[in-house]
Amino acid sequence: MPDTGPPPSSRRLVGQPLLYAISIFASLGVFLFGYDQGVMSGIITGPYFRQYFNSPGPLEVGTMVAVLELGALATSIAAGRVGDIIGRKGTLFVGAFVFTIGGAVQTFTTGFYVMIIGRVISGFGVGLLSTIVPIYQSEISPPNHRGALACMEFTGNIAGYATSVWTDYFCSFIDSHLSWRIPLFIQCVIGAILAVGSLVMPESPRWLIDTDQDAAGMRVIVDLHGGDPNDVLAQAEFREIKEKVIFERELGEGRGYSTMWRKYKRRVLLAMSSQAFAQLVRSSSPGTLIDAGWLGRDAVLMTGINAIIYLLSTLPPWYLVDRWGRRIILLSGAVVMGIALGLTGWWMYIDVPATPQAVVVCVIVFNAAFGYSWGPIPWLYPPEIMPLTFRSKGVSISTATNWAFNFIVGETTPYLQEVITWRLYPMHGFYCACSFVLVYFLYPETMGVPLEEMDAVFGEEERLDYESERASLMSGTHSDRLSVGSGRRPKVNPADRGWVSRLLYRDERSTYRPIGDEE
C-alpha cells in the first residue's frame, strides 16, 4: 500500500465535507453551460441588442446562438484525449479559463463577427466542461451516493438556465446597452470562480492511479474516506482500482477509439442513445408558449416561472435515484412527458380560448417530468457504464452526441413549428415512446454498483476473464491475482424477485448483487 504521508490537519477538508465541496465547485461547470444556453434566448429580442447589431435577421440570430453548440461539439470530441493526458482537474481548469475568455469577448463585442468569435470560444469551453464534469464527479463519488451527486450537478445546470432567464428579464428594464452586456458579463465572473476553484480541487484518484501516481491517488481516496490512512474501506477501494488498471493492461490491446468500439460497442451505443433521446424528447418552451399566444415580455416572464418549476423538479432525484434506480426514473419520465406532449398538440389543434393557459400547464408538467428523469440521468449513465481506460473517450462521444442532436433539434424546431404546427408535439411524444422501449429492453440497472464492477452488470466477466487468461499465456506469465471480473457473482433467481421487479428488470444481468464477505 503506497505511503500517503502524515494525517491531514484539522483545517483540511476530508470525508463528506470534502466530497460536497468538490461537488459544489464541479456543479459550477454545468451551471455555466446552463446559463450560457439560456442567456442568449432573452437578450436577442431586446431593443438595445437589436439596435446595436442593426436589427439582425433570423439567420444571423440563429448563427449567434448555434455556433456555441458547434464549438462545444468540437471540443467535446477532443476532451476524450485531453482528459486522459492532462487529467480531469486540468481539463476542468482549461475549460473554465477558455469559457471566461469567450464570455469576455462577447461582453465587450464591437460587432457581429466579434460576437461570433466570442460564442465559438465559449463553446470550446462548454464542450470541455460538459464532458469532464460528469466524469470527474462519477470518479470521486461513492457508489451509494453517485447518482444523487450527479443529479445535484444537473440541478446546477438548470439553476444556471433559470438564473439566465431571470437575469435577462430584470435587465430588460435597463434603458441602455447594459441591458444585454450585464447578463453576458455575469458568465465571466462565474467562469473565473470555477477556474480558481479548480486549482485547489483534488485530482480524480482513478486518473492518478491509472497514470501510476499511486501515492497521490491513495491520498485522495483516504481524504474522501475521512483522512485515516489505515481506513479499511479506503485501502480496499485503492486495491480494487489498481487491480482493474492492471487487469486492463494485461490484455495489451491499447486504449484507442477502435479498441473501445470493438470491446464495448454496446456500452458506447447506450451512452450515445441516452444523450440523443435527451434532446429528441425535448420541446422548445419559449417557442411553445409563443405558438400558444404568449408574446413579448409576458412570454419571457412565463418562461421564467416555468424555469423555477423546472429547477424544483430536479430535486426529487437527489433522493430517488439511489433508491429507485435509473431505469424506473427514465421509464416513468418518458410516460409523463409523452402524455404532456400529446396534450400540448391536442390543445393547439382545437385552438380554443383556454388553449394558452392549458399549454402552460402542459409545458410545466413536461419540464417537471424532464427535469426529474431525462434531464439528469443521461449525464449520470455514460460515465457509470464506461470502464476507466475508456471512460474519458466514451463520455466524450456521448457528450458530442448531445451537442450534435442539440444543434439539429435547435435548427429544425423553428422550421417544423411553422410547417407542421401542432403536429410537432406528438412527434416529440413518439420519441418518448421510443425511449421507453429502448430503456425497458436494453438499459441495465447501475444503482449501487462500483465502477470497477460494471462488467458484471453487462455480463462480460467470462469474456474478460478468458481474454486476461489468454494474454497471460501468450506472455508466458500467470497472474495469481484475482481480477475484478473473476469473482463469480451469484445469479439472481427471477423467482426471488417480486412481480414489479420482474417487470422492470427483465434481464437478470440488470439486477446486480455484490459479492458478500462470506464469498
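The rules behind each value
- Think of each chain on its own: its residues are numbered from 1, step by step along the sequence as written.
- Note on the predicted model: pLDDT of at least 70 is required for a residue's local features to be given, and 80 or more for side-chain atom pairs to be given and counted; whole-chain, interface and lining totals, by contrast, use all residues.
- Calculated side-chain values reflect all of the structure's heavy atoms, with hydrogen atoms and water omitted.
- Numbering of helices and strands runs from the N terminus, with a helix taken as a DSSP run of H or I at least four residues long and a strand as a DSSP run of E at least two residues long.
- What makes two residues a contact is simply this: any of their non-hydrogen atoms within 4.5 Å.
- Surface accessibility in these figures is a Shrake-Rupley result with a 1.4 Å probe; residues are shielded only by whichever protein chains are displayed.
- Buried Ala, Val, Leu, Ile, Met, Phe, Trp, Tyr and Cys residues form a nonpolar core when they are joined through side-chain atoms within 4.5 Å.
- The rule is simple: take the accessible area with a 1.4 Å probe, protein chains only, and divide by the maximum for that residue type; under 20% is buried, over 50% is exposed, in between is partly exposed.
- We count a salt bridge whenever a side-chain nitrogen from Lys or Arg sits within 4 Å of a carboxyl oxygen from Asp or Glu.
- Two rings from Phe, Tyr or Trp (for Trp, the six-membered ring) form a pair when their centres are within 6.5 Å of each other. A pair whose planes differ by under 30 degrees is stacked, one over 60 is edge-to-face, and the rest are tilted.
- Counted as over-ring charges are cases with an Arg CZ or a Lys NZ within 6 Å of the ring centre that also lie within 35 degrees of the ring normal.
- Per residue, pLDDT measures the predictor's confidence, with a range of 0 to 100.
- To estimate how far a helix should reach, multiply one less than its number of residues by 1.5 Å.
- Axes, fitted as lines to C-alpha atoms, cover a helix only where it is in contact. Angles between the N-to-C directions of the axes lie from 0 to 180 degrees.
- Here roughly perpendicular refers to angles of 65 to 115 degrees, roughly parallel to angles under 35, roughly antiparallel to angles over 145, and oblique to all remaining angles.
- Less than a right angle of anticlockwise turn of the near helix away from the far helix marks a crossing as left-handed, whereas a clockwise turn marks it as right-handed.
- Between N or O atoms, a polar contact is any pair within 3.5 Å; within protein, one atom must be a potential hydrogen donor and the other a potential acceptor, and residues adjacent in sequence are included only when both atoms are from side chains.

S.K.: So what about the overall build of the chain? Which residues, and what values?
M.R.: Secondary structure assignment for the chain yields 22 helices and zero strands. Excluding contacts between residues fewer than 6 apart, the proportion of contacts in the chain whose partners are at least 24 apart in sequence is 82%. As displayed, the chain offers around 21,500 Å² of accessible surface, 67% of which is attributable to carbon and sulfur atoms.

S.K.: Report on the nonpolar core, specifying residues and quantitative values.
M.R.: M40, F49, M337, F370 and W374 are the most contacted members of the largest nonpolar core, which totals 100 residues. Broken down by element, the residue count for this core peaks at 12 residues, all from helix 1 (residues 15-43). Ignoring anything within four residues of it in the chain, the contact list for M40 reads F49, M64, V65, R119 and L184.

S.K.: Can you lay out the pattern of salt bridges for me, pointing to particular residues and giving the numbers?
M.R.: For the structure on display, the rule yields 18 salt bridges. Its salt-bridge partner being K393, residue D84 comes within 2.8 Å of it at the nearest N-O pair. Within this pair, whereas D84 is found in helix 3 (residues 58-107), its partner K393 is found in helix 18 (residues 388-419), the two being separated by 309 residues in sequence. Taken individually, D84 and K393 each receive the classification buried, so the pair is uniform in this respect. Bridged by salt links that share partners, the residues D84, R88, E139, R391 and K393 form one connected network.

S.K.: Account for the packing of aromatic side chains, with residues named and values stated.
M.R.: Here the structure, examined in full by the defined rule, presents 24 aromatic pairs. Taken together, a centroid distance of 5.2 Å and an interplanar angle of 80° make the contact between F112 and Y113 edge-to-face. Plain terms: the ring middles of W346 and W347 are 5.2 Å apart, the flat faces sit at 75° to each other, and that makes the pair edge-to-face. The exposure class assigned to W346 is partly exposed, which follows from its relative accessible area of 45%. W347 sits in the partly exposed class, given a relative accessible area of 22%. Seen from the ring of Y52, R181 lies directly overhead, with NZ or CZ sitting 5.0 Å from the centre.

S.K.: Residue-level account of the confidence of the model for the chain, with values.
M.R.: Predicted confidence across the chain gives a mean pLDDT of 83, with 83% of residues reaching 70 or more. Mean pLDDT values over the elements of the chain span from 47, in helix 22 (residues 499-504), up to 95, in helix 11 (residues 265-280). Residue range residues 468-492 is modelled with pLDDT below 50. Its contacts to residues more than four positions away, or to other chains, number 41 contacts. This model gives residues 514-519 a pLDDT under 50, and the stretch forms three contacts once residues within four places in sequence are excluded.

S.K.: Outline unusual backbone geometry, listing residues and values.
M.R.: Among all residues save glycine, negative phi is the norm, and among peptide bonds the norm is trans. Positive phi values are uncommon outside glycine, yet D212 reaches one of about 65°. Following the sequence through the fold, D212 ends up in the loop between helix 7 (205-210) and helix 8 (214-224). What makes D212 partly exposed here is its relative accessible area of 49%. Positive phi values are uncommon outside glycine, yet D351 reaches one of about 50°. Relative to the helices and strands, D351 resides in the loop between helix 15 (326-350) and helix 16 (355-372).

S.K.: Give me the environment of V268: which residues, what numbers.
M.R.: Of note, V268 is situated in helix 11. Residues V268 and M386, spaced 118 residues apart in sequence, show a C-alpha to C-alpha distance of 7.6 Å. Leave out the neighbours within four places in its chain, and V268 touches M260, W261 and M386.

S.K.: Before we move on, could you go through the environment of Q51 and cite the residues and values that matter?
M.R.: If you trace the backbone, Q51 turns up in helix 2 (residues 47-52). Note on Q51: relative accessible area 53%, which makes it exposed. C-alpha separation for the pair Q51 and H177, spaced 126 residues apart in sequence, amounts to 9.2 Å.

S.K.: So, helix 16: which residues are in play, and what are the values?
M.R.: Counted at 1.5 Å a residue, the expected span for helix 16 with its 18 residues is 26 Å, and the 26 Å between its end C-alpha atoms agrees. Counted residue by residue, helix 16 has 13 buried out of 18 residues, so it is predominantly covered.

S.K.: A description of the packing of helix 11 against helix 18 should follow, citing residues and the corresponding values.
M.R.: Between two packed helices, both the angle of their axes relative to each other and the distance between the axes serve to describe the pair. One can describe the packing of helix 11 onto helix 18 by two numbers: an axis separation of 8 Å at closest approach and a directional angle of 25°. Relative to helix 18, helix 11 is oriented roughly parallel. As helix 11 packs across helix 18, the resulting crossing turns out to be right-handed. Of the residues in helix 18, those in contact with A271, M272, Q275, A276, Q279 and L280 of helix 11 are I397, S398, T401, N402, F405, N406 and V409.

S.K.: Talk me through the side chain of K244; I want residue IDs and the actual numbers.
M.R.: Examined against the element boundaries, K244 turns out to sit in helix 9 (residues 232-251). There is a polar contact of 2.4 Å between the side chain of K244 and the side chain of D455.

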